[in-house]
Amino acid sequence: MSRKGLREPRWPAFLGMLTASGVYWALPEPLSVGPSWLLLAVIFVLLIPIVISARRGDHQVTRVLTLIGNVAITVAMIASLVLLVQGIPKHLESPPALLRSAVSLWLTNILISALWYWKLDAGGPVLREMPNGMSKSAFLFPQMAREKVDPCWVPNFVDYLFLAFNTSTAFSPTDTAVISKWAKLATMLQSLISLTIIALLAARAVNIL
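These numbers come from a predicted model, not from an experiment. Numbers given to residues run from 1 along each chain, matching the order in which its sequence is written. Reporting in this predicted model follows two pLDDT cut-offs: at least 70 for local features of residues, and 80 or more for side-chain atom pairs to be given and counted; totals over whole chains, interfaces and linings ignore these cut-offs and use all residues. Only hydrogens and water are removed before side-chain values are computed, so all heavy atoms of the structure are retained for them.

Backbone geometry follows two general trends: most residues other than glycine have a negative phi, and most peptide bonds adopt the trans configuration. Even without a glycine there, the phi angle at Ala122 is positive, about 55 degrees. Its place among the elements puts Ala122 in the loop between helix H4 (95-120) and helix H5 (125-128). We call a residue buried when its accessible area falls under 20% of the maximum for its residue type, exposed when it is over 50%, and partly exposed in between, using a 1.4 Å probe and counting protein chains only. Among the residues examined, Ala122 registers a relative accessible area of 12% and is labelled buried. Comment: elements are numbered from the N terminus, with helices defined as DSSP H or I runs of at least four residues and strands as E runs of at least two.

Here it is in structure tokens:
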């Protein structure tokens, strides 16, 4: 079976972008950058030309616009995390609002990390599907370590989402080895953000009790 026949659909990643911005919308207004709905509106508007360019096969435009969307979500998440850290000692948020904020940022962290891995690994989804495209992968997936490796196998967005979920819950990639330096730094940053959110939530819970 050819690589062309296995071309990965882009809608799971686009849905991931929309979901990440939608989850961010659940943040209380004091913890969001601007109106809480602004990020969702920006991503929704960006997805229109992204979907159009993807359907036309203009991969360079799709890549640039997707990177812009990823940067917007990442900046918003980090800014909200900083606001959350600053606000906890002041008890600005009620316990239910704090829990909602922590869960929202934790889920956003998983989704945006998966999007970055999916977009950057081996040059992106288009290059990964080229012959020997996975030879430059930053990750060693279990499917790549079998005795009989399927030469047509290419990770899709769900594989990177699983990797990101494990990194945020177990603070390690578990079944997938991280090979390149940029990927190691990225997974370290994701784990640090996840640990920070959980530690802050635990500290606030102890204080409440």
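We are not done yet, so read on.
Core analysis: the largest hydrophobic core is formed by 44 residues, its most contacted members being Ile50, Leu84, Leu105, Phe139, Tyr160 and Ile197. No other element matches H4, which puts eleven residues into this core. Excluding its chain neighbours within four sequence positions, the residues that come into contact with Leu84 are Leu31, Leu98, Ser101 and Leu105. Here, the term nonpolar core denotes a set of buried Ala, Val, Leu, Ile, Met, Phe, Trp, Tyr and Cys residues that are joined through side-chain atoms within 4.5 Å. In this description, contact between two residues means that some pair of their heavy atoms is separated by no more than 4.5 Å.

Okay, the side chain of Ser36 next. You can see Ser36 is positioned in the loop between helix H1 (11-24) and helix H2 (38-56). Classification of Ser36 by relative accessible area gives buried; the value is 6%. Within the local environment of Ser36, its side chain forms a polar contact with the side chain of Trp25, the two groups lying 3.4 Å apart. Polar contact is defined as a pair of N or O atoms within 3.5 Å, subject to the rule that within protein one atom must be able to donate a hydrogen and the other to accept it, and that residues adjacent in sequence are counted only when both atoms are side-chain atoms.

For the rest of this paragraph, the subject is the packing of H1 against H2. Each pair of packed helices can be summarised by the angle the axes make with each other and by the distance between the axes. As a rule, the C-alpha atoms of each element are fitted with a line to give its axis, helices using only the stretch in contact, and angles between N-to-C directions run from 0 to 180 degrees. Two numbers describe how H1 lies on H2: the axes approach to 9 Å, and their chain directions differ by 175 degrees. When the interaxial angle is binned, H1 and H2 end up roughly antiparallel. Contacts between H1 and H2 involve Phe14, Met17, Leu18, Ser21, Gly22 and Tyr24 from the former and Leu39, Leu40, Ile43, Phe44, Leu47, Ile50, Val51 and Ala54 from the latter. Ten residues, namely Ala, Val, Leu, Ile, Met, Phe, Trp, Tyr, Cys and Pro, are considered nonpolar, four, namely Asp, Glu, Lys and Arg, are considered charged, and the remaining ones, Gly among them, are considered polar. When the residues that make up the contact of H1 with H2 are grouped by side-chain class, the tally is twelve nonpolar, two polar and no charged. Angle categories are assigned with fixed cut-offs, so that under 35 degrees is roughly parallel, over 145 is roughly antiparallel, 65 to 115 is roughly perpendicular, and the rest are oblique.

pLDDT measures how confident the predictor is about each residue, on a scale from 0 to 100. Looking at the protein as a whole, its pLDDT mean stands at 86, while 91% of the residues score no less than 70. Per-element confidence in the protein is highest for helix H6 (residues 157-170), whose mean pLDDT is 94, and lowest for helix H7 (residues 181-208), whose mean pLDDT is 83. A low-confidence stretch, residues 1-6 stays under pLDDT 50, and its non-local contacts, those more than four residues away or across chains, total twelve contacts.

Bringing the environment of Arg128 into the picture now. Among the secondary structure elements, Arg128 is positioned in helix H5. Taking the C-alpha atoms as reference points, Arg128 and Val154, 26 residues apart in sequence, are found 6.8 Å from one another.

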